[in-house]
Amino acid sequence: MRPKLLLATTCRWFAAARLAMAFKQAGCAVDMVCPADHPFALTADHGRLYPYHSLAALRSFRNAMDDAQPEIVVPCDDLARAHLHEIYKQDYARQGSASALCILLERSLGDPLYYSLINARSLLITFAQELQIATPETAVIAAEVELKAWIARFGLPAVLKTDGTSGGVGVRIVESEREALRAFELLNAPPRMLRAAKRAVVDRDKTLLIPWFQRQRPVVNVQRFLPSRDATISVACWRGTVLASITAEVLRTWKPKGPSSVIRIIDNSDMLLAAQKLASRLKLSGLYGFDFVLENVTGKAYLIE
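Now for a description of the structure that goes with this document. Bear in mind the structure is a predicted one, so any value in this text is a computation, not a measurement.

1. So, the sheet that holds strand β12 (residues 286–295)
Alright, step 1. Taken together, five strands build an open sheet; the order of strands is β11-β10-β9-β12-β13 and the sheet is antiparallel. The open sheet is flanked by β11 (260–265) and β13 (301–303), the only strands paired with a single partner. The average undirected angle you get between the axes of adjacent strands in this sheet is 40°.
Alright, step 2. Relative to β12, strand β9 (residues 228–238) runs antiparallel, the two being bridged by 10 bridges.

Quick look at the structure:
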């Protein structure tokens, strides 16, 4: 019998459809929980599609897992992974680690002890530093006075990022204190009504409606900017062991600090060693990506998220 996988995604990225096709070519049966009109629906002989509703995200994922009964769940974006972590937290509180969903998610994602750390950029960077992995200075900023103090210590330019975002969303490169304070004000604010409405109506993505209604403020991080070029490593892990990896330098992006559009496959032992250290200590299972920058002058790799 073919292994049964459930891919989980909250957006319509083509990468999830390509990943599903690759798993099918490897001999797996693949279903997907995804938004309506996902590109996976256009592929030949696709598996079952389960609807993802952003206003009932956890229920969408639960229903799909209950019905599909997969052996492994593969999140295809950061928000999907965060949803699965939250489902584990809820089921663990109600039934303990012996619940069927907890067993499935631990097998799919790795040790739940580290789920909260994986979702927080600054915590992961601190953890990496303890493993002797090179990283830029990074900190959580909760107020303007903290941002001013950080700039006074580490200087400019700097990069501001929000937790829970990907693909360049929620990232600002700032070159002056005034620009940094303005960027912090924008990133730290709850989603605006017009932005949430546009995302819901035009993009058919209601993800921002609940944060807008509840006036949720994102966690903002500041990170030292290094003159560098972007690079990334994707790894397949099983219980802390890296089974396979692909390392690439980013040549072009779709937009500044956005998703890569052109890459060059490279070998970089520092990036691979860093990924192996993190996978081992975090006891990861599944597919993970680590983003780096390669310093322009030295070529040294620094983990950024």
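Next, the rest of the story.
2. Concerning the side chain of serine 285
Alright, step 1. Among the structural elements, serine 285 can be located in the loop between α11 (269–282) and β12.
Alright, step 2. Discounting residues that sit within four places of it in the chain, serine 285 has contacts with Arg107, Ser108, Leu109, Gly110, Cys237, Trp238 and Arg239.

3. Focus: empty space enclosed by the protein
Any empty space left between atoms is shown by rolling a water-sized probe over those atoms.
Alright, step 1. Scanning the entire structure with this criterion turns up one cavity of 30 Å³ or more.
Alright, step 2. Approximately 30 Å³ is the volume attributed to the largest cavity.
Alright, step 3. Here the lining of the largest cavity is composed, by residue class, of one nonpolar, three polar and two charged.

4. Details of unusual backbone geometry
Alright, step 1. Put simply, leucine 156 and proline 157 share a cis peptide bond, and its omega is 0°.
Alright, step 2. Within the element layout of this structure, proline 157 appears in the loop between α7 (144–154) and β6 (158–162).
Alright, step 3. One non-glycine residue with positive phi stands out, namely aspartate 37, at about 65°.
Alright, step 4. Of note, the phi angle at lysine 283 is positive, near 55°, even though the residue is not glycine.
Alright, step 5. Among the structural elements, lysine 283 can be located in the loop between α11 and β12.
Alright, step 6. Its relative accessible area of 43% is what places lysine 283 among the partly exposed residues.

5. Some words on the packing of aromatic side chains
Alright, step 1. As enumerated under the stated definition, the model contains five aromatic pairs in all.
Alright, step 2. On the basis of an interplanar angle of 55° and a centroid distance of 5.5 Å, the ring pair of tyrosine 52 and phenylalanine 61 is categorised as tilted.
Alright, step 3. Centre to centre, the rings of tyrosine 88 and tyrosine 115 are 5.6 Å apart; their planes meet at 80°, and the pair counts as edge-to-face. Of this pair, tyrosine 88 sits in helix α3 (residues 78–95) while tyrosine 115 sits in helix α5 (residues 115–118), and the two are 27 residues apart along the sequence.
Alright, step 4. Taking the relative accessible area as the measure of exposure, tyrosine 88 reaches 7% and is therefore buried.

6. Notes on the sheet that holds strand β8 (residues 220–224)
Alright, step 1. The strand order β5-β8-β6-β7 describes an open sheet built from four strands, whose pairing is antiparallel. Every other strand in the sheet has two partners, leaving β5 (138–141) and β7 (171–174) as the edge strands with one partner each. Direction aside, the axes of adjacent strands within the sheet are offset by 25° on average.
Alright, step 2. Relative to β7, β6 runs antiparallel, the two sharing four bridges. Each bridged residue has a counterpart across the sheet, and for valine 159 the counterpart in β7 is isoleucine 173.
Alright, step 3. Those strands touched by helix α6 (residues 121–130) are β5, β6 and β8, and its axis lies near 150° from that of β5.

7. Considerations on the pattern of salt bridges
Alright, step 1. Going through the model one piece at a time under the given rule, you end up with 12 salt bridges.
Alright, step 2. In this structure, the salt-bridge partner of glutamate 305 is arginine 121, at a minimum N-O distance of 3.1 Å. Separated by 184 residues along the polypeptide, glutamate 305 in the segment after β13 and arginine 121 in helix α6 bring together distant segments of the chain.
Alright, step 3. Taking the relative accessible area as the measure of exposure, glutamate 305 reaches 23% and is therefore partly exposed.

8. Observations regarding the pairing of strand β1 (residues 4–8)
Alright, step 1. Burial analysis of β1 places four of its five residues in the buried class, which makes it a mostly covered element.
Alright, step 2. In this structure, β1 lies alongside strand β2 (residues 29–34), joined through five bridges in parallel fashion. Residue leucine 7 lies in a different strand from β2, and its bridge partner there is methionine 32.
Alright, step 3. Taken together, the four bridges between β1 and strand β4 (residues 72–75) define a ladder with parallel strand orientation. Each bridged residue has a counterpart across the sheet, and for leucine 6 the counterpart in β4 is valine 73.

Calculation rules
Residues numbered from 1 in each chain as written. Predicted model: local features only at pLDDT ≥ 70, side-chain atom pairs only at ≥ 80, totals over all residues. Heavy atoms only, no water. Pairing = 2+ DSSP bridges. Helix = DSSP H or I, 4+ residues; strand = E, 2+ residues; numbered from the N terminus. Axes fitted to C-alpha atoms, helices over the stretch in contact; angles between N-to-C directions. Contact = heavy atoms within 4.5 Å. 1 Å grid on protein atoms, 1.4 Å probe; cavity = no way out; pocket = protein on both sides within 12 Å on 5 of 7 lines; lining within 4 Å. Points joined across faces, edges and corners; volume = space filled by probe spheres on them. Nonpolar A, V, L, I, M, F, W, Y, C, P; charged D, E, K, R; others polar. Buried < 20%, exposed > 50% of the residue type's maximum accessible area, 1.4 Å probe, protein only. Phe/Tyr/Trp six-rings, centres within 6.5 Å; stacked < 30°, edge-to-face > 60°. Salt bridge = Lys/Arg side-chain N within 4 Å of Asp/Glu carboxyl O.

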